[in-house]
Amino acid sequence: MIFRGIGRTFSTVGDKQYETIGAFWDELSARYGRANLRGLGYGWTNDSISYAIGLIDGDIDGSDTEIALPNDGWTTVTGRTEKLGELYDEIYKDGTLTYEIEMFDDDGNCAIEYYR
């Protein structure tokens, strides 16, 4: 599977990524609608994460990132966006990730697909 989107790098120091990636989502949601987007986290370092947002169906205008992803071996969890930190605490208790794909809706629901 190929993920195409608009990419940026965010600091993870002090869990700042939740706020800054959230603002990135808000920016693109205003243009495309939150439920039409998916975000890909990858390329973690000790203090940053690479992150791209693309459309669930089709290609987003201004796409500058293309990542080849595995077709199989993904795990999916769902929950509430306000509990995102807790969801990730549970996911990360079993170790680091290679990729994560996040999807959100305007009702406060989220789905996270991750690959180790």
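In case you missed it, the structure is sitting above this.
Presented here is a report on the structure given in the accompanying data block. (Residues numbered from 1 in each chain as written. Predicted model: local features only at pLDDT ≥ 70, side-chain atom pairs only at ≥ 80, totals over all residues. Heavy atoms only, no water.)

**A short note on the packing of aromatic side chains**
So, step 1. Applying the stated rule across the entire model yields 7 aromatic pairs.
So, step 2. Between the aromatic rings of phenylalanine 10 and phenylalanine 24, the centroid separation amounts to 5.7 Å while the plane-to-plane angle is 40 degrees, which identifies the pairing as tilted. Of the two residues, phenylalanine 10 sits in strand 1 (residues 2-11) while phenylalanine 24 sits in helix 1 (residues 17-32), which places them 14 residues apart along the sequence.
So, step 3. Its relative accessible area of 9% is what places phenylalanine 10 among the buried residues.
So, step 4. Taken together, the ring pairs connect Phe10, Phe24 and Tyr51 into an aromatic cluster. (Phe/Tyr/Trp six-rings, centres within 6.5 Å; stacked < 30°, edge-to-face > 60°. Helix = DSSP H or I, 4+ residues; strand = E, 2+ residues; numbered from the N terminus. Buried < 20%, exposed > 50% of the residue type's maximum accessible area, 1.4 Å probe, protein only.)

**Brief notes about the sheet that holds strand 7 (residues 109-115)**
Paired through their backbone hydrogen bonds, the strands of a sheet run either parallel or antiparallel.
So, step 1. Read from one edge of the open sheet, 7 strands run 4-1-3-2-6-7-5, paired in antiparallel fashion. Each edge of the sheet is formed by a strand with only one pairing partner; in this case those strands are strand 4 (65-68) and strand 5 (75-80). Each strand of the sheet is rotated relative to its neighbour by a mean of 30 degrees, with strand direction disregarded.
So, step 2. In the sheet, strand 5 pairs with strand 7 via 6 bridges, with the strands oriented antiparallel. Of the residues in strand 7, the one forming a bridge with arginine 80 is asparagine 109.
So, step 3. Lying on the sheet, helix 1 is in contact with strand 1, strand 2 (37-42), strand 3 (48-55) and strand 6 (99-104); it crosses strand 3 at an angle near 15 degrees.
So, step 4. The strands touched by helix 2 (residues 84-92) are strand 5, strand 6 and strand 7; relative to strand 7, the strand with the most contacts, the crossing angle is about 20 degrees. (Pairing = 2+ DSSP bridges. Axes fitted to C-alpha atoms, helices over the stretch in contact; angles between N-to-C directions. Contact = heavy atoms within 4.5 Å.)

**Some words on the layout of surface pockets**
So, step 1. Taken as a whole, the largest pocket encloses approximately 480 Å³ of empty space.
So, step 2. Taken together, 21 residues line the largest pocket, and the ones lying closest to its centre are Gln17, Tyr18, Leu84, Tyr88 and Glu102.
So, step 3. Listing elements by their share of the lining of the largest pocket, those giving two or more residues are helix 1, helix 2 and strand 6.
So, step 4. Here the lining of the largest pocket takes 6 residues from helix 1, the largest share from any one element.
So, step 5. By residue class, the composition of the lining of the largest pocket is 9 nonpolar, 6 polar and 6 charged. (1 Å grid on protein atoms, 1.4 Å probe; cavity = no way out; pocket = protein on both sides within 12 Å on 5 of 7 lines; lining within 4 Å. Points joined across faces, edges and corners; volume = space filled by probe spheres on them. Nonpolar A, V, L, I, M, F, W, Y, C, P; charged D, E, K, R; others polar.)

All quantities given are derived from atomic positions and should not be read as evidence of function.
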